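So the chains spell out like this:
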Amino acid sequence: MNRSIIVILIAVLISGGQAKAQQANQFFPAKNLITTGIYYYPEHWNENQWERDIKKIAEMGYEFVHLAEFAWFRLEPEEGKFDFAWLDKVVALCEKHHVKVLMCTPSATMPAWMRDKYPETHIMYGNYIRGEHGTRGLGSNANTKYKFFVERAVAALAQHYGQNKNVVGWQLDNEPDAKTDYSPSAQTAFRQWLQRRYKTIDALNTAWGTAFWSQRYNSFNQVMIPNVTLVNWWGNNPHALLDLKRYSADEQADFLDLQSAVLRKYISPDQYITTNYTAVSPTANPRLTRKMDFATYTAYPNGGAGNMGNVGFRLGDSKTVLFAAEYYKSVGGFTGVMEMQPGPTNWATQASLLLPGTVRMWLYHSFAAGGKIACSYRFRQILYGAEQYHAGVIKTDGVTPSQGGVEYIQFNKEIRQLRQYYQPDAQLPQKLAARKTAIVWNLENYWTIDREKQNVRWDAWNYPVKFLEMAKSLGADADVVDEKADLSPYKVVIVPAYEMADPELIKKWTRYVEQGGHLIITCRTAAMDRNGHFWEGETAAPLSDLIGAHITNTDMIPPYSKGDILAGQNHYSWNIWADLLKPDDNTTVLANYNDQFYKGTAAVVKRNIGKGAVTYIGVVTDDMKMEKEILKNNYLESGADVENYPPGIYVYWRDGFYVAVNYSSDNYEMNIPGTGKILVGDKVLKPAGVLVWTE
Ligand code: GAL
């Protein structure tokens, strides 16, 4: 029986969640908790150092080596002539030293002969000039010649290593990104995509509103990719731009699926297929891929700044792993970090030293959130080339572990110890299950809001992530889910600024509330239909029945002003966004605007429906404390108690372990019950501190 039939059968026999757990278990036995690896580029080093390096990798406690990611020039030095002899030696050395191999497809960097002989394989920029040889990520995913070369190279690799017992999996490409390509191949592919979507040019004209500014098309052949280089941002058609993002994301997902399909022909069912998306993927839509086993993310939390306190600039942004670890779970059911920043980088605004312990804390954060893989870019700091100043886990002498390397060694050792405490039957503790929370997130809303913010201070990505932070601070187990996800396991569901919706989706949310759910919807939700059109009616018209109120207007005031809100006895200030609400008769007003010419108008409303309740938050407060209070009350009303962790303290539970990390600049003492047993760290978490315990 072939592999996909087996997977389908398993999925039919058991529920989706269990199927995913089983699949995760197949590649990553649960008792191993997490497996760690390291990027190694043998093609950058003298062959006489390979064995020394691989041996060192094994001694540092890594369990797999990530190979061949950017090595196309060496795998296919001349068109159609493949050379695996060098890589065979490295793979054999890995086997000798008992480390597994994660093999990569090399599509992200093309050899010079390709640009030379087949320039059409490279993308074109908005000025219709081709990308040049010398960097990565320039392949035109729409170009048949490029796809031919990729398929052939991937097939050759798969035939060579697909049955190798020491190769455990495959990574496709590198940080796949749905970049905009203006080449003739892309123009044709875009038109075909539009034709499939709209069928007739009239339907496209309607969807894009081309009657404005004489944009109307007589045929698909007249349509060009909307060009943000040659037409300024406000002059482009927003619906065309949205479709360009959608098309590019589809094209990119198809490109990955194409590679997976080639691999599947040759590789063993024991080898997994994944890719490494960036932690926040602004253009790629990972949820569109269909043929990979799961997705991983790359995490570079420290780009020279942090978000908390006086040592924050050394600890980095606490939200990087926080968001990615949940978001990428929604793609394949489980995830892990493929590149964890190992130290200062070459691209940071300034490359400060990390506070000792920071890399280990990031690793634990990714582990805490359920990660199955923790890998890092890269083993040795390179001596030459584009990322010269980027730290490795080994310093420039080739043998001494950097600070990040030392912390990896410690993590690798600690994980081996923790494996002894793995409890196969551990169930999410009741107190956490009682606060299980979903944040519904769709990249398409990020695209539309980010383009038309209405207020320059609206941070399209950060706004939903702040709700994730709040949920964590209240001690919830929180997932970032797709709108199609089953909401029934969640006690509280948050829908933050979900700009494009349709009546069906709103019906789904209504059913969730009727059946006892606590739903929180915020401003900017359902302001548009799926084409990005306003409704012919009031603002967010299809939402008004559900929230029991009407949005009559929206205000925003300058950053130096502070609007006042009164919620019960408490005052909150705002200036970014304020929906003015007119509640229906049975709707409760939780907060009013307390100044401006509309003083007394409702800002937050709540309504009970069936067994549940829905709250609409029409305003963004400066510190989001009001929003947090509302969330807290939803937990309390649904029968859960809450924690009150300070900013930067994240606490998770996985496989029987409680894990806490500290991104703040202050010590924090964790309250552990008398029955608690500390396995790693100290109950007083210092900045960059980690604590693992069981209860
Ligand atoms: C990642 C990339 C790596 C390396 C790294 C440097 O985004 O995937 O190949 O360039 O950045 O920080």
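Residues numbered from 1 in each chain as written. Predicted model: local features only at pLDDT ≥ 70, side-chain atom pairs only at ≥ 80, totals over all residues. Heavy atoms only, no water.

### Some details on the side chain of K319
As for its position among the elements, K319 is in helix 12 (residues 319–327). Residue class for K319 comes out buried when judged on its relative accessible area of 8%. Beyond its immediate chain neighbours, meaning those up to four positions away, K319 contacts N307, W461, N462, V465 and E469. (Helix = DSSP H or I, 4+ residues; strand = E, 2+ residues; numbered from the N terminus. Buried < 20%, exposed > 50% of the residue type's maximum accessible area, 1.4 Å probe, protein only. Contact = heavy atoms within 4.5 Å.)

### Describing the site of the ligand
Around the ligand, the structure places F70, R136, N174, E175, Y300, E339, W347, Y377, E387 and H390. In the environment of the ligand, an oxygen atom lies 2.9 Å from a nitrogen or oxygen atom belonging to the side chain of E339. Taking W347, its side chain carries an N or O atom lying 2.7 Å from an oxygen atom of the ligand. Calculation on the ligand without its partners gives an accessible area of 310 Å², and the protein chains cover 94% of this total. Here the shell around the ligand is composed, by residue class, of four nonpolar, two polar and four charged. (Near = heavy atom within 4 Å. Polar contact = N/O pair within 3.5 Å; in protein donor to acceptor, adjacent residues only side chain to side chain. Areas by Shrake-Rupley, 256 points an atom, 1.4 Å probe, with all protein chains shown as cover. Nonpolar A, V, L, I, M, F, W, Y, C, P; charged D, E, K, R; others polar.)

### Re the pairing of strand 4 (residues 167–172)
The element strand 4 is extensively covered by neighbouring structure, given that five of its six residues are classed as buried. Here strand 3 (residues 100–104) runs beside strand 4; their pairing, made up of four bridges, is parallel. Bridging across to strand 4, V101 finds its partner in V167. In the sheet, strand 4 pairs with strand 5 (residues 272–278) via four bridges, with the strands oriented parallel. Bridge pairing in strand 5 links L172 to T275. (Pairing = 2+ DSSP bridges.)

### Details of the environment of H571
Locating H571 in the fold gives a position in strand 15 (residues 570–583). The sequence separation of H571 and N445 amounts to 126 residues, and the corresponding C-alpha distance is 30 Å.

### Re the sheet that holds strand 25 (residues 690–694)
With respect to topology, four strands assemble into an open sheet ordered 20-21-25-23, the strand pairing being antiparallel. Strand pairing shows two members of the sheet lacking a second neighbour, strand 20 (649–654) and strand 23 (677–681), which therefore form its edges. The average angle at which neighbouring strand axes cross in this sheet is 20°, direction not considered. Pairing analysis gives four bridges linking strand 21 (residues 657–662) to strand 25, with the strands arranged antiparallel. What sits directly across from V661, in strand 25, is V690. Of the strands in this sheet, strand 20, strand 21, strand 23 and strand 25 touch helix 14 (residues 358–368), which is tilted by about 140° from strand 21. (Axes fitted to C-alpha atoms, helices over the stretch in contact; angles between N-to-C directions.)

### Notes on the nonpolar core
Core analysis: the biggest nonpolar cluster contains 177 residues, and M103 and W509 have the highest contact counts within it. Of all the elements, helix 7 (residues 144–161) adds the most residues to this core, at ten residues. Counting residues domain by domain, this core receives three or more from each of domain 2 (29–177 + 242–421) and domain 4 (435–637). In contact with W509, other than residues within four places in its own chain, are L487, V495, Y498, L519, I521, T525, L543 and L546. Of all hydrophobic cores here, the second largest spans 20 residues; its members include M124, Y198, A207 and F220. (Core = buried A, V, L, I, M, F, W, Y, C linked by side-chain atoms within 4.5 Å. Domains from an automatic or database assignment.)

### Digging into the packing of helix 8 (residues 184–198) against helix 10 (residues 238–266)
For the pair helix 8 and helix 10, interaxial distance at closest approach is 10 Å and the crossing angle is 105°. In terms of orientation, helix 8 and helix 10 fall into the roughly perpendicular class. Here helix 8 contributes A186, A189, F190, W193, L194, R197 and Y198 to the contact with helix 10, which in turn contributes A240, D243, L244, R246, Y247, D250 and E251. Partitioning the contact of helix 8 with helix 10 into residue classes produces nine nonpolar, no polar and five charged. (Parallel < 35°, antiparallel > 145°, perpendicular 65-115°, else oblique.)

### What about empty space enclosed by the protein?
This model, assessed by the stated rule, comprises four cavities of 30 Å³ or more. Estimates place the volume of the largest cavity at around 110 Å³. What lines the largest cavity is a set of 15 residues, among which N141, K179, D181, Y247 and E251 lie closest to the centre. Per-element tally for the lining of the largest cavity: the top contributor is helix 10, with five residues. Partitioned by chemical class, the residues of the lining of the largest cavity number six nonpolar, six polar and three charged. Roughly 80 Å³ of volume is contained in the second largest cavity. W441, N445, P464, P496 and A497 are, among the 13 residues lining the second largest cavity, the residues nearest its centre. (1 Å grid on protein atoms, 1.4 Å probe; cavity = no way out; pocket = protein on both sides within 12 Å on 5 of 7 lines; lining within 4 Å. Points joined across faces, edges and corners; volume = space filled by probe spheres on them.)

### Some points on helix 19 (residues 503–514)
In this model helix 19 runs 16 Å from its N-terminal to its C-terminal C-alpha over twelve residues, within 8% of the 16 Å that 1.5 Å per residue would give. Three or more residues of helix 19 are buried, namely L505, I506, K508, W509, T510, Y512 and V513. Check the buried side of helix 19 and you find it contacts strand 11 (492–495), strand 12 (518–522), helix 20 (544–547), strand 17 (602–609) and strand 18 (612–617). (Expected span 1.5 Å × (residues − 1).)

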